[in-house]
Amino acid sequence: MNRRKIGDAQEELACRYLVKQGVRLMERNFRCRQGEIDIIGYEKEYLVFFEVKYRKNDFRGNAAEAVGFGKQRKICRVSDYYRMIHGCPSDTPVRFDVIAIDGGRIEWIRNAFDYIG
């Protein structure tokens, strides 16, 4: 199985997990010139931008560690664009979460990082 198919399968697993946790999914793989966000949804009043990271084993570190500063900044830029084109009010509470999948274990890290302007 190639990397893209593995990534798609892990994102699907993350989506099913989030729906079971009560998240209302809005979009998957939102792309624009600035980059991509894996999953966008609402948890209660929060508009949440999810980054899904998968590691088969810990040879290259755990999944959560793979969301570095550069990736965080890119996600924030894409979130700005998403909110602009969808007319989200400026007072909409926003959160940046990571779904870390290590082997078969899923960890939902809420507020994984703060907005980087």
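The model shown is predicted, which means the values in this text are computed figures rather than measured ones.

(A) Looking closely at the overall build of the chain. Helix and strand content of the chain: two helices and five strands. The linear arrangement of helices and strands in the chain, starting from the amino end, is α-β-β-β-α-β-β. Overall size of the chain, expressed as C-alpha extent along the three principal axes, is 40 × 30 × 25 Å. Burial status across the chain gives 39% buried among its 117 residues. Taking the intrachain contacts of the chain between residues at least 6 apart in sequence as the baseline, contacts between residues at least 24 apart amount to 55%. As displayed, the chain has an accessible area near 7,000 Å², and 47% of this comes from carbon and sulfur atoms.

(B) Broad picture of a nonpolar patch on the surface. Together, Tyr81, Met84 and Ile85 make up a nonpolar patch on the protein surface, roughly 290 Å² of accessible area in all. The residue Met84 is located in helix H2 (residues 69-85) in this model.

(C) Structural context of the sheet that holds strand S4 (residues 94-102). The strand order S1-S2-S3-S4-S5 describes an open sheet built from five strands, whose pairing is mixed. Single-partner strands in this sheet number two, and they are strand S1 (24-32) and strand S5 (105-109). Each strand axis lies, on average, 25° off the axis of its neighbour in the sheet, ignoring direction. Set on the sheet, helix H1 (residues 3-20) makes contact with S1, strand S2 (35-43), strand S3 (46-55), S4 and S5; between it and S1 the angle comes to about 150°.

(D) Representation of the nonpolar core within the structure. Membership of the largest hydrophobic core comes to 18 residues, with the highest contact counts inside it found for Ile40, Phe49 and Phe113. Elements represented by at least two residues in this core include exactly S1, S2, S3, H2 and S4. It is H2 that provides the largest number of residues to this core, a total of four residues. Setting aside its immediate chain neighbours within four residues, Phe113 contacts Val67, Gln72, Ile75, Cys76, Phe96 and Val98. The next biggest cluster of nonpolar side chains, apart from the first, holds 11 residues, and it includes Cys15, Val23, Ile39 and Trp108.

(E) View of the pairing of S1. Direction of pairing for S1 relative to S2: antiparallel, over a ladder of seven bridges. Residue pairing across strands places Phe30 opposite Ile37, the latter belonging to S2. With antiparallel pairing between neighbouring strands as the criterion, S1 and S2 make up a hairpin whose turn holds two residues.

About the thresholds
Residues numbered from 1 in each chain as written. Predicted model: local features only at pLDDT ≥ 70, side-chain atom pairs only at ≥ 80, totals over all residues. Heavy atoms only, no water. Helix = DSSP H or I, 4+ residues; strand = E, 2+ residues; numbered from the N terminus. Buried < 20%, exposed > 50% of the residue type's maximum accessible area, 1.4 Å probe, protein only. Contact = heavy atoms within 4.5 Å. Areas by Shrake-Rupley, 256 points an atom, 1.4 Å probe, with all protein chains shown as cover. Patch = residues over 30% accessible without salt bridge, like charges linked within 9 Å, V, L, I, M, F, W, Y side chains within 5 Å. Salt bridge = Lys/Arg side-chain N within 4 Å of Asp/Glu carboxyl O. Pairing = 2+ DSSP bridges. Axes fitted to C-alpha atoms, helices over the stretch in contact; angles between N-to-C directions. Core = buried A, V, L, I, M, F, W, Y, C linked by side-chain atoms within 4.5 Å.

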